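Remarks on the overall topology
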Amino acid sequence: MKENPLKPVVIYRRVSTSEQGKSGLGLEAQASALSRFCSAEDFEVMATFDDVASGTLSLDGRPGLAAALAKAARLKCPVIVSKLDRLSRDVAFISGLMARGVPFIVAELGADTDPFILHLYAALSEKERKMISQRTRDSLAPMVGTGRLGNKTNLAEAQARGRAGNAAASAAFAGRVMPLVGQLQAGGLSMNAIAGQLNASNMPTMRGGRWTAKGSAG
């Protein structure tokens, strides 16, 4: 019996700071997860590219990602990341990457995740980032004028509160939307039809906008 041929892929990894990049811990963790995923899905890694850069930078500021896209385009294969936020937490940035015609696979979400679903998760991730930022500012507000803002422990505590408070909101939103999307997909509806159903159900995006087949509009 003939074995299935391995499918070519390009791997992209990113860490946010020079400290993470020098220690290799962040990159090693991503490498381990991606290695297991590629082995399970019969992917052959043709090249690996890294960036030590903030996820808020444009493509011009992330040479590793630019190189990964170029390599994948030449090979006509996907780019794989361990988690969606390794690309970005910005919906517009991710949409721009997808418009280049190179498919993306997020190991955490599975090999067969539809681009529409990736947009949903991108919207959740972007909202999470904004909510964490707002909650951090809210937590720091009582410290203004007290001389405590220079304390890194207080800053870490405020950031932790923001993450914890946002986790529940993100989970609740995903819990409402993702099961419905799964049911509609199982029923054979197209992405346009699913977006129409979400709008007809008066279910706004996490940012309060309307759904489109490419994600959220506002």
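Going by the structure above, here's the rest.
Nothing here was measured: the structure is a model prediction, and the numbers come from that model. (Residues numbered from 1 in each chain as written. Predicted model: local features only at pLDDT ≥ 70, side-chain atom pairs only at ≥ 80, totals over all residues. Heavy atoms only, no water.)

Some thoughts on the sheet that holds strand β3 (residues 79-81)
On the basis of which strands lie adjacent, the open sheet formed by 4 strands has the order β2-β1-β3-β4 and parallel pairing. Only two strands of the sheet have a single neighbouring strand rather than two, namely β2 (43-52) and β4 (104-106). When the angles between neighbouring strand axes are averaged without regard to direction, this sheet yields 30°. Two elements, strand β1 (residues 7-15) and β2, share 9 bridges in a ladder whose sense is parallel. Looking across to β2, one finds that Tyr12 is bridged to Phe49. Along the sheet, helix α3 (residues 63-75) makes contact with β1, β2, β3 and β4, crossing β2 at roughly 155°. (Pairing = 2+ DSSP bridges. Helix = DSSP H or I, 4+ residues; strand = E, 2+ residues; numbered from the N terminus. Axes fitted to C-alpha atoms, helices over the stretch in contact; angles between N-to-C directions. Contact = heavy atoms within 4.5 Å.)

A look at the pattern of salt bridges
Applying the stated rule across the entire model yields 2 salt bridges. Between Arg13 and Asp50 there is a salt bridge; the shortest N-O distance is 2.7 Å. Placement of Arg13 in strand β1 and of Asp50 in strand β2 is noted, with a sequence separation of 37 residues between them. Of the residues examined, Arg13 reaches a relative accessible area of 14% and is grouped as buried. (Salt bridge = Lys/Arg side-chain N within 4 Å of Asp/Glu carboxyl O. Buried < 20%, exposed > 50% of the residue type's maximum accessible area, 1.4 Å probe, protein only.)

Digging into the packing of aromatic side chains
According to the stated counting rule, one finds 1 aromatic pair in the structure shown. Here Phe37 and Phe43 contribute two aromatic rings whose centre-to-centre distance is 6.0 Å and whose plane-to-plane angle is 35°, an arrangement assigned as tilted. With respect to class, Phe37 is no different from Phe43; both count as buried. (Phe/Tyr/Trp six-rings, centres within 6.5 Å; stacked < 30°, edge-to-face > 60°.)

Structural notes on the side chain of Ser82
By secondary structure assignment, the location of Ser82 is in the loop between β3 and α4 (91-98). We classify Ser82 as buried; its relative accessible area is 9%. Those residues in contact with Ser82 that lie beyond four places of it in its chain are Gln30, Leu34, Val106, Ala107 and Glu108.

Focus on the side chain of Asp85
Positionally, Asp85 belongs in the loop between β3 and α4. Among the polar contacts made by the side chain of Asp85, one reaches the side chain of Arg86 at a distance of 3.0 Å. (Polar contact = N/O pair within 3.5 Å; in protein donor to acceptor, adjacent residues only side chain to side chain.)

A closer look at unusual backbone geometry
Look at Asp42: it is not a glycine, yet its phi comes out positive at around 60°. Secondary-structure assignment places Asp42 in the loop between α2 (25-40) and β2.

Some details on the nonpolar core
The biggest cluster of nonpolar side chains holds 23 residues, and the ones touching the most others in it are Tyr12, Leu65, Leu69, Val79, Leu87, Leu97 and Phe104. By size, the runner-up hydrophobic cluster in this structure holds 10 residues, among which are Ile117, Leu120, Met191 and Ile194. (Core = buried A, V, L, I, M, F, W, Y, C linked by side-chain atoms within 4.5 Å.)

What about the environment of Ser32?
Relative to the helices and strands, Ser32 resides in helix α2. Residue class for Ser32 comes out partly exposed when judged on its relative accessible area of 34%. Here the alpha-carbon distance between Ser32 and Ser82, two residues 50 residues apart in the chain, equals 9.4 Å.

Quick look at the environment of Asp51
Relative to the helices and strands, Asp51 resides in strand β2. Under the relative-accessibility criterion, Asp51 is labelled buried at 5%. Along the backbone, Asp51 and Tyr12 are 39 residues apart, and their C-alpha atoms lie at a distance of 8.2 Å. Excluding residues within four positions of it along the chain, Asp51 makes contact with Tyr12, Arg13, Arg14, Val15, Arg62, Pro63, Gly64 and Leu65. A polar atom in the side chain of Asp51 sits 2.7 Å from the side chain of Tyr12.

Describing the environment of Phe49
Note that Phe49 resides in strand β2. When the C-alpha positions of Phe49 and Ala67 are compared, they lie 7.1 Å apart, and in sequence the two are 18 residues distant.

Considering the pairing of β1
Among the 9 residues that make up β1, 7 are buried, leaving the element largely enclosed by the rest of the structure. Relative to β3, β1 runs parallel, the two being bridged by 2 bridges. Across the sheet, Ile11 pairs through a bridge with Ile80, a residue of β3.

Remember that the coordinates give geometry; whether it matters functionally is a separate question.
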